[in-house]
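Tertiary structure, described
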Amino acid sequence: METVQRYSRTAIFFHWVVAALILTNIGLALSADYWPESSLRQVFGVHKSIGITVLGLVLLRIFWRLGHKPPAFPAQYPAWEKYAAHTVHGLLYLVMLTLPLSGWLHESAWKGDAPHPFYWFNTVHLPLIPPIDTLETSLRISLRAVFGSVHLWAGYVLYGLLALHFGGVLKHHLIDKEAELQRMLP
């Protein structure tokens, strides 16, 4: 039996914290229609705060990963599975950066002065992204629609990538009886 090469504690920490935050944000986004209108500002404030946290953690994870090579896939994995896993992971990183940035740009393109300044978890004020916040009003309105669409569609892409990621892990764990899941468990 082949020895399971595990990810490092740091990689495992980043993986599970980011996963929990993303799943929480998906839950908040999908449940927004069911919250009382009086709570929506707080719900979206938490959603934005989690998004900014994900952005920061993903950037840290990328910088950390540049100096720390992940364990190799087991030798028995076919080349197409290795390629698919690398592709899905790369696209996940791209989407994990695109979603919070497009949300922040969407917020920055508000048609007037932001009616409610954004505070990360009600503590640190996060400014709008220049020069978006200083553009002419009609251009800001157009850009807001573009950034909102990017944010929405990146969310749909995220759902598909998560389904592929979960599906691959479950296939290796349940069907192939391989220890892929154990490589990332705390």
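For the structure itself, look to the data block above.
Computed from a predicted structure; not experimentally measured. (Residues numbered from 1 in each chain as written. Predicted model: local features only at pLDDT ≥ 70, side-chain atom pairs only at ≥ 80, totals over all residues. Heavy atoms only, no water.)

1. Describing unusual backbone geometry
Note the cis peptide between P130 and P131, where omega equals 0 degrees. The backbone of N122 sits at a positive phi, close to 60 degrees, despite the residue not being glycine. Along the chain, N122 falls in the loop between β1 (118–120) and β2 (124–126). In this structure, K177 is a non-glycine residue whose phi angle is positive, near 55 degrees. Note on placement: K177 falls in the segment after α4 (137–175). (Helix = DSSP H or I, 4+ residues; strand = E, 2+ residues; numbered from the N terminus.)

2. What to know about helix α2 (residues 40–66)
The first and last C-alpha atoms of α2 sit 39 Å apart over 27 residues, in line with the 39 Å expected at 1.5 Å per residue. Within the sequence span of α2, burial applies to V43, H47, S49, I50, G51, I52, T53, V54, L55, L57, V58 and R61. Summarising the contacts, the buried residues of α2 are in contact with α1 (9–31), α3 (79–108), β1, β2 and α4. (Expected span 1.5 Å × (residues − 1). Buried < 20%, exposed > 50% of the residue type's maximum accessible area, 1.4 Å probe, protein only. Contact = heavy atoms within 4.5 Å.)

3. Looking at the packing of α2 against α3
Running from N to C, α2 and α3 cross one another at 140 degrees; their axes reach a closest spacing of 9 Å. Here α2 lies oblique to α3, going by the angle between them. Considering how the two elements wind past one another, α2 and α3 form a crossing that is left-handed. Each of K48, G51, I52, V54, L55, V58, L59, R61, I62 and R65 in α2 lies in contact with α3, whose residues at this interface are Y93, M96, L97, P100, L101, W104 and E107. Residue composition of the contact of α2 with α3, by class: 12 nonpolar, one polar and four charged. (Axes fitted to C-alpha atoms, helices over the stretch in contact; angles between N-to-C directions. Parallel < 35°, antiparallel > 145°, perpendicular 65-115°, else oblique. Left-handed = near helix turned anticlockwise from the far one by under 90°. Nonpolar A, V, L, I, M, F, W, Y, C, P; charged D, E, K, R; others polar.)

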